[in-house]
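Summary of structural features
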Amino acid sequence: MDPEQLIACPACDVLHRDQEVAKHTVARCARCGTVLAAPKSGAMTRIAMLSLTALILLAAAAGFPFLELQAQGLSHRASVLDAVLAFSRGPMAPLSLATGLLIVLLPAARYGALVYTLAPMALGWHPAPHAAAVYRWAERLKPWAMAEIFIIGVAVALVKVSGLARVGLGPAFWAFAALLVVTILTDSSICRLTVWKTLKTRRGS
Amino acid sequence: MENPEDPPRFLTAAEAGLTGCRTCGAVNPGGAQTCYSCRSALTPPSAYSLQRVWAWLAAGLIAYVPANIYPMLRTTTFGRASENTLVGGIAELFSHGSYGVAFIVFFASIVIPVAKFLAIGYLAVSVRRPATLGSHDRLVLYEVVEFIGRWSMIDVFVVAILTALVQLDFAAAVTPGIAAVSFALSVAFTMLAAQSFDPRLIWNAEKREYE
């Protein structure tokens with residue numbers, strides 16, 4: 001049998017015949033149950049649009065006022081950049097770089113990569129140049145894009161200071177909160193192997 | 001050739017002399033280095049990858065020690081300075097009556113890291129020894145570890161936000177402690193340990209062909 005007609009489960013390596021899977025059905029590995037294909041109509045459009053939304057929200061989160069603390073006549077504004085630069089003094093400076101990467105730059109890179117690879121798929125075009133390499137990076141960045149974890153951290157921090165001071169929430173806070181929802185929606189829509197298969201077939205046609 | 005979809009006998013790509021791609025599922029010839037479909041580097045399921053798991057896990061454990069000993073936060077209120085360690089911060093939240101948040105932080109910075117060390121260690125050991133948990137349960141364990149591990153980073157972000165926000169000159173100021181760095185490193189190292197683990201090895205334990 002031609003290896004091109006086979007698919008190996010990425011979790012347990014069992015070989016399956018690569019068949020056409022009907023829309024809105026899920027093909028799972030016979031041994032471990034890992035999803036091998038889950039084609040949905042309009043999934044590519046959906047992911048591309050969600051990723052674009054996420055990029056806009058990230059830009060808003062980086063640009064707009066984030067939080068304002070008021071206590072005893074004093075007030076202090078903090079932007080997302082201030083949170084990134086929190087560790088910039090002294091020997092902890094590399095952690096500032098890491099924070100900036102984790103909460104803004106890597107999520108932006110991941111969503112940018114998803115738009116770049118999936119928008120042409122959604123429009124029914126040929127894949128963009130280097131689409132495979134770009135999508136591979138999008139998958140590799142996924143665990144390190146932590147914008148949605150950051151907003152939970154913000155919520156915890158707000159509870160910590162709520163007893164001492166009043167905190168005003170700026171547009172950037174709501175942008176991050178919306179980003180949490182968009183991230184969950186995006187991640188639940190992506191079926192990795194289906195994206196790869198689409199990239200492969202479109203490249204061939 | 002036996003039918004790959006005929007249970008309960010399963011034929012894996014490695015057994016068939018082929019190499020399956022863990023990124024896109026494409027089946028490549030045995031000696032292939034890069035996947036023909038997605039151009040990822042191919043690695044046949046081999047117990048050698050466990051060395052990387054153990055190395056990252058050890059690094060994560062080592063970094064977790066100073067993360068607990070040294071202060072995470074230094075708070076100065078009206079000239080009075082106080083330092084909080086990881087556990088101290090949780091105790092303070094608890095004494096203020098914020099049980100829900102105290103529970104979240106306790107879960108993210110104590111329960112998840114410790115459970116993750118144990119889970120990754122168990123998975124790596126179980127590949128070589130007969131395991132008490134079945135293959136399916138161990139795959140679920142692996143997926144849970146991969147999914148939940150990154151959420152431990154919450155505590156580092158809390159420190160970052162508090163430092164950025166609580167800067168009211170003399171009245172109150174927060175500066176980060178060195179434990180924030182070691183905690184962030186510990187989380188990153190254990191994430192790398194989980195990513196280095198090859199779940200295909202879970203089933204190889206039943207066959208012990210790759211030792």
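Keep in mind that what you see is a predicted model, and the values were worked out from it rather than measured.

Section: the overall build of chain A
Counting its secondary structure elements, chain A contains seven helices and seven strands. For chain A, the sequential pattern of α-helices and β-strands runs β-β-β-β-α-β-β-α-α-α-α-β-α-α. For chain A, whose C-alpha radius of gyration is 21 Å, the value lies well above the compact-globule estimate of 17 Å for 205 residues. For the C-alpha atoms alone, the extent of chain A along its principal axes is close to 75 × 35 × 35 Å. Every one of the 205 residues in chain A was classed for burial, and the buried ones make up 50%. Partitioning the contacts of chain A with sequence separation of at least 6, the portion at a separation of at least 24 is 63%. Between the averaged position of the 19 positive side-chain charges in chain A and that of its 10 negative side-chain charges there is a distance of 3 Å.

Side note on the overall build of chain B
Counting secondary structure elements, chain B contains seven helices and six strands. Listing every helix and strand of chain B by position from the N terminus yields β-β-α-β-β-α-α-α-α-β-β-α-α. Radius of gyration (C-alpha) of chain B: 22 Å, far over the 17 Å computed for a compact globule of 211 residues. Taking all 211 residues of chain B together, 52% fall into the buried category. Taking the intrachain contacts of chain B between residues at least 6 apart in sequence as the baseline, contacts between residues at least 24 apart amount to 62%. Roughly 9,600 Å² of accessible area belongs to chain B as shown, and the carbon and sulfur atoms make up 65% of that amount. With 14 positive and 15 negative side-chain charges, chain B shows a spacing of 5 Å between the two charge centroids.

Describing the packing of aromatic side chains
Applying the stated rule across the entire model yields 12 aromatic pairs over all chains. Considering the side-chain rings of Phe66(A) and Phe176(A), the 6.2 Å spacing of their centres and the 55 degrees angle between planes classify their relative orientation as tilted. With Phe66(A) in the loop between α1 (43–63) and β5 (67–71) and Phe176(A) in helix α6 (residues 171–189), this residue pair connects regions lying 110 residues apart in the sequence. For Phe66(A), a relative accessible area of 2% translates into the label buried. Plain terms: the ring middles of Phe94(B) and Tyr99(B) are 4.8 Å apart, the flat faces sit at 70 degrees to each other, and that makes the pair edge-to-face. Judged by relative accessible area, Phe94(B) falls into the partly exposed class, the value being 48%.

Regarding the interface of chain B and chain A
Every contact between the two is made by 66 residues of chain B and, on the other side, 61 residues of chain A. Both faces combined, the contact of chain B with chain A buries some 5,700 Å², and carbon together with sulfur accounts for 72% of it. A per-residue breakdown of the area chain B buries against chain A is headed by Arg150(B), Phe157(B) and Leu165(B), which together make up 12% of the total. Here Arg200(B) and Asp13(A) are joined by a salt bridge, their closest N and O atoms 3.9 Å apart. Counting across the chain B and chain A interface gives 15 residue pairs in polar contact (both at pLDDT 80 or more). Ranked by residues supplied to the side of chain B that touches chain A, first place goes to helix α5 (residues 154–165) of chain B with 11 residues. Residues belonging to the side of chain B that touches chain A are distributed by class as follows: 45 nonpolar, 14 polar and seven charged.

Observations regarding the packing of helix α3 (residues 99–126) of chain B against helix α6 (residues 179–196) of chain B
All names here are of chain B. Between α3 and α6, the least distance of the axes is 11 Å, while the angle of their chain directions is 35 degrees. Considering how the two elements wind past one another, α3 and α6 form a crossing that is left-handed. Two secondary-structure elements touch here, α3 through Ala108, Ser109, Pro113, Lys116, Phe117 and Ile120 and α6 through Phe183, Ser186, Val187, Thr190, Met191, Ala193 and Ala194. Of the residues belonging to the contact of α3 with α6, the class tally is nine nonpolar, three polar and one charged.

Topic: a nonpolar patch on the surface
All names here are of chain B. On the surface, Val65, Ile69, Tyr70 and Ile178 cluster together into a nonpolar patch covering about 380 Å² of accessible area. The residue Val65 is located in helix α1 (residues 49–69) in this model. Val65 gets classed as partly exposed once you look at its relative accessible area, which sits at 46%.

Considering the UniProt feature "transmembrane region" (unreviewed entry) in chain A
All names here are of chain A. Those places that UniProt annotates as "transmembrane region" (unreviewed entry) correspond, in this numbering, to residues 47–67, 97–123, 144–165 and 171–195. From the first C-alpha to the last, residues 144–165 spans 32 Å; its make-up is 73% helix and 0% strand. Secondary structure over residues 171–195 splits into 92% helix and 0% strand, and the C-alpha atoms at its two ends are 34 Å apart.

A word on unusual backbone geometry
Residues and elements named next belong to chain A. Positive phi, close to 65 degrees, is recorded for His24, a residue that is not glycine. By secondary structure assignment, the location of His24 is in the loop between β2 (15–17) and β3 (27–28). Judged by its relative accessible area of 56%, His24 is exposed.

So, the sheet that holds strand β5 (residues 167–168) of chain B
Residue and element names in this part refer to chain B. One open sheet holds the four strands; their spatial order is β4-β3-β6-β5, and the pairing between them is antiparallel. Both outer strands of the open sheet, β4 (80–84) and β5, are each paired with one neighbouring strand and no more. Sheet topology note: the β5/strand β6 (residues 172–176) ladder contains two bridges and is antiparallel. Paired with Leu168 across the two strands is Ala172, which belongs to β6. Across the sheet, α5 touches β3 (73–77), β5 and β6, and the angle it forms with β6 is around 140 degrees.

A word on the sheet that holds strand β7 (residues 166–169) of chain A
Residues and elements named next belong to chain A. Pairing is antiparallel across the open sheet formed by three strands, whose spatial order is β6-β5-β7. The outermost strands of the open sheet, each flanked by one partner alone, are β6 (74–78) and β7. Pairs of neighbouring strands in the sheet enclose a mean axial angle of 20 degrees, with direction left out of account. Relative to β7, β5 is paired through four bridges, and the arrangement is antiparallel. Counterpart to Gln70 in the pairing with β7 is Arg166.

Reading guide: rules and limits
Residues numbered from 1 in each chain as written. Chains lettered and ligands numbered in written order. Predicted model: local features only at pLDDT ≥ 70, side-chain atom pairs only at ≥ 80, totals over all residues. Heavy atoms only, no water. Helix = DSSP H or I, 4+ residues; strand = E, 2+ residues; numbered from the N terminus. Rg over C-alpha atoms; globule rule 2.2 N^0.38 Å. Buried < 20%, exposed > 50% of the residue type's maximum accessible area, 1.4 Å probe, protein only. Contact = heavy atoms within 4.5 Å. Lys, Arg positive; Asp, Glu negative; His and termini not counted. Charge placed at Lys NZ, Arg CZ, Asp CG, Glu CD. Areas by Shrake-Rupley, 256 points an atom, 1.4 Å probe, with all protein chains shown as cover. Phe/Tyr/Trp six-rings, centres within 6.5 Å; stacked < 30°, edge-to-face > 60°. Buried area = accessible area lost by both parts, 1.4 Å probe. Salt bridge = Lys/Arg side-chain N within 4 Å of Asp/Glu carboxyl O. Polar contact = N/O pair within 3.5 Å; in protein donor to acceptor, adjacent residues only side chain to side chain. Nonpolar A, V, L, I, M, F, W, Y, C, P; charged D, E, K, R; others polar. Axes fitted to C-alpha atoms, helices over the stretch in contact; angles between N-to-C directions. Left-handed = near helix turned anticlockwise from the far one by under 90°. Patch = residues over 30% accessible without salt bridge, like charges linked within 9 Å, V, L, I, M, F, W, Y side chains within 5 Å. UniProt positions renumbered as here; feature names shortened; annotations may be inferred. Pairing = 2+ DSSP bridges.

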